[in-house]
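Architecture at a glance
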Amino acid sequence: MDNEENRSPQPLTPQAFRYQVAGYARDILSYGVIRSHVITLMIDDAKVIFVYYDHSLIVESEVLDLQDSEQKLLFVKMIKQMHALSPEALGIIPNLQAPFMYDPKQLKNPGLYLEPAAKEGTIPSHKVLVGCLLTVDYNTKTRQGQRTVRLGKVLFCSNGINGRGTKVIRVTCSCKDGDCAWKGKDGECDWKGLKLRCTDMAVDEHAWVLKHLPNVLGWFITDGGALQVRLKLMFGADYDERLICGSIQEELCPIMDLESQEQFAQVMYDVLQCHEWVYTHPRVLHRDISQANIMFRRDATKKIYGVLNDYDLAALVDERHAPTSGHRTGTKPYMAHEQQRTGWTGPLFYRHDLESLFYVILLLVYHYQRPGVKAEKLEFVKWFTEGDDFIYKEKSNLLRVVDFSWIAAPQPFFGAFRYWLQTIRDSLVDGFSDQGLALRKARVGGQISFDLETLGDNFSYKTMSAVMRNFDGKELVTRNPK
Ligand SMILES: [Zn+2]
């Protein structure tokens, strides 16, 4: 124990106590076994509150006073009730078969349930998922039915209580030890790709884009069951019932597996080209450009292709202004700054995604001294921890203040990105400055003649490609043959 913990604990304010318990709930929802919700107890001397958390809601029970014999009895009954709840009712997702569920002795295995590396030893470990079986109603265009997969390594998980709790897990068909309903005549399991709106159109002169799209094999949706129905009844129209949505797709490589800055540049340029194609042809706007969604695949000859992954938040371009499409989406550090302004309601433009791509590059080359190794000083670390207001101001300072002294300063490993950053940032500054002028004129003259989609041609696919098609004095590969 260090000195910090030896000190007699300061009494927590009720608010700080709630934050602390919410922190534990977030860890339980983010790590370890896959959960739809968590039930915790807040105990302070003889007062107890039961608290329910899912990814969008916190529900507190009334305060129980254990010094009151009736309330004490109620408390004991509630604990007994909880003990009798099914794994699903306790928050473990449906149709997950985990070894510890039928062999509780496993819970004693050190390191399996709690992450030993965690500071306080309270973060659940991902190892608990390895070897679990998950049965889903699996759909492809040609087949429907249940399918059981065996879970392996957890490749990615988002740490957050609010909104989506994305998890990426390596899976195999569980048929390895027996018969599998999906086994074909050749003995191989059926893992054929889905024909989606995007892949349907990627033929002939568009075939190049297939190398830059994820290969989705199947999908499933599980509803939240009786509990979600009851929450809906209780909270009414304002409450969106939560669903578990999943897809199974071919495994891609994270960009931190790349080795040189030229490879990073090519992957970023590929993603730009893929984004433009998806926007122009299937008319889909991605809306969630982030570092985690930019990946790559290697073909048989070890060539590298950047892939724009995760279309969960994507919207059809022609429906993007519909009020249901949820304007404020994305991953905070990478969101276009306008979307983080209080009261912003759109419109949504493709250039917002390009602004996100700029932040992906900026944060990558400032925060990593080489692939996978963080820099000593993290210039923009507050973009990951602070709220929208703060990030909006920081990004405005970067893009809306005409400051000729700003000089891009990437880490030495990424040194050749300086030109990209400088030019892209300057085109954004020019765009917002022209937009300001046009708005001012419009206030006098009434009409606005300014292309908001491209900030008056200052910031568009065209201007981005003009910068990104070359890197460090060399031409990168342009994928679209046209
Ligand atoms: Zn199989």
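Residues numbered from 1 in each chain as written. Predicted model: local features only at pLDDT ≥ 70, side-chain atom pairs only at ≥ 80, totals over all residues.

Named according to an unreviewed UniProt entry, the protein chain is Protein kinase domain-containing protein originating from Gymnopus androsaceus JB14.

1. Some remarks on the overall build of the protein chain
Going by this rule: The helix and strand labels rest on DSSP assignments: H or I over at least four residues marks a helix, E over at least two residues marks a strand, and numbering proceeds from the N terminus. Here the globule rule is a power law, 2.2 Å times the number of residues to the power 0.38, and the radius of gyration is based on C-alpha atoms. Each residue is classified by how many other C-beta atoms fall within 10 Å of its C-beta atom, where C-beta atoms are placed from the backbone; a count of 20 or more means buried, 12 or fewer means exposed, and values in between mean partly exposed. Our contact criterion uses C-beta atoms placed from the backbone: two residues qualify when those atoms are within 7 Å.
Each helix and strand in the protein chain was counted, giving 11 helices and 19 strands. Over its C-alpha trace the protein chain gives a radius of gyration of 25 Å, about what one expects of a compact globule, namely 23 Å for 482 residues. Principal axes of the C-alpha set define a box for the protein chain whose edges measure 75 × 65 × 50 Å. Across the 482 residues in the protein chain, those meeting the buried criterion constitute 27%. Expressed as a percentage of contacts within the protein chain between residues at least 6 apart in sequence, the contacts between residues at least 24 apart total 59%.

2. A look at helix α11 (residues 461–468)
To keep it simple, the criterion reads: By definition, the arc is the one covered by directions from the helix axis to the C-beta atoms.
Every buried residue belonging to α11 is among Thr463, Met464 and Met468, and all of these are buried. Along the axis of α11, the buried positions cluster into a sector of 120°, meaning they face one direction only. Opposite the buried face of α11, by more than 90 degrees, sit the exposed residues Lys462 and Ala466. Residues of α11 that are buried make contact with α7 (261–280), α8 (350–367) and α10 (418–445).

3. Points about the packing of α7 against α11
Counted only if it meets this: For helices, the axis comes from a line fit to the C-alpha atoms of the stretch in contact; other axes are also lines fit to C-alpha atoms, and the angle between any two N-to-C directions lies between 0 and 180 degrees. Should an angle lie under 35 degrees it is considered roughly parallel, over 145 roughly antiparallel, and from 65 to 115 roughly perpendicular; all remaining angles are considered oblique. For any pair of crossing helices, the crossing counts as left-handed if the nearer helix is rotated counterclockwise from the farther one by less than a right angle, and right-handed if it is rotated clockwise. Asp, Glu, Lys and Arg are counted as charged, while Ala, Val, Leu, Ile, Met, Phe, Trp, Tyr, Cys and Pro are counted as nonpolar; the rest, among them Gly, fall into the polar class.
At a minimum axis distance of 10 Å, the contact between α7 and α11 shows a crossing angle of 155°. Taken together, the axes of α7 and α11 lie roughly antiparallel to each other. Crossing handedness for the pair α7 and α11: left-handed. For the pair formed by α7 and α11, the contact residues are Met268, Tyr269, Leu272 and Glu276 on the first element and Tyr461, Met464, Ser465 and Met468 on the second. Classifying every residue of the contact of α7 with α11 by side-chain character gives six nonpolar, one polar and one charged.

4. Some words on α10
For the record, the criterion: By this rule the span expected of a helix is its residue count minus one, scaled by 1.5 Å.
The terminal C-alpha atoms of α10, which comprises 28 residues, lie 40 Å apart, in line with the 40 Å expected from a rise of 1.5 Å per residue. Residues of α10 that are buried: Trp420, Leu421, Ile424, Ser427, Leu428, Val429, Gly431 and Phe432. Residues of α10 that are buried make contact with α8, α9 (388–399) and α11. Note on α10: the residue one or two positions beyond its end, Gly446, has a positive phi of about 95°.

5. Some points on unusual backbone geometry
Only a minority of non-glycine residues have a phi that is not negative, and only a minority of peptide bonds are not trans. Residue Pro347 follows Gly346 across a cis peptide bond; omega there is 0°. Mapped onto the elements, Pro347 comes out in the loop between β15 (315–316) and α8. Of note in the backbone geometry, Asn95 takes a positive phi value of approximately 65° without being a glycine. For Asn95, a count of 16 C-beta atoms within 10 Å corresponds to the partly exposed category. With phi around 50°, Leu455 is a residue other than glycine that occupies positive phi space.

6. Focus on the sheet that holds strand β14 (residues 304–308)
Quick note on the threshold: At least two DSSP bridges between two strands are required for those strands to pair.
Strand order in the open sheet formed by three strands is β11-β13-β14, and the pairing between neighbours is antiparallel. Every other strand in the sheet has two partners, leaving β11 (253–254) and β14 as the edge strands with one partner each. Sheet analysis places β11 next to strand β13 (residues 294–298), joined by two bridges and oriented antiparallel. Along β13, the bridge assignment pairs Pro254 with Met295. Relative to β14, α7 is tilted by about 45°, and along the sheet it contacts β13 and β14.

7. Regarding the environment of Ser427
Its location among the elements puts Ser427 in helix α10. Here Ser427 falls in the buried class, since 21 other C-beta atoms lie within 10 Å of it. Between the C-alpha atoms of Ser427 and Val365, which are 62 residues apart in sequence, the distance is 19 Å.

8. A word on the nonpolar core
Using the following cut-off: Joined through C-beta atoms within 7 Å, a set of buried Ala, Val, Leu, Ile, Met, Phe, Trp, Tyr and Cys residues constitutes a nonpolar core.
Among the nonpolar cores identified, the biggest contains 61 residues, and Met268, Val360 and Ile361 are the most heavily contacted of them. In terms of residue count, the dominant contributor to this core is α8 (12 residues). Those residues in contact with Val360 that sit more than four places away from it in its chain are Ile289, Ser290, Gln291, Ile294 and Tyr334. Judged by nonpolar contacts, the second largest core, of 10 residues, contains Val33, Leu134, Val136 and Ile169.

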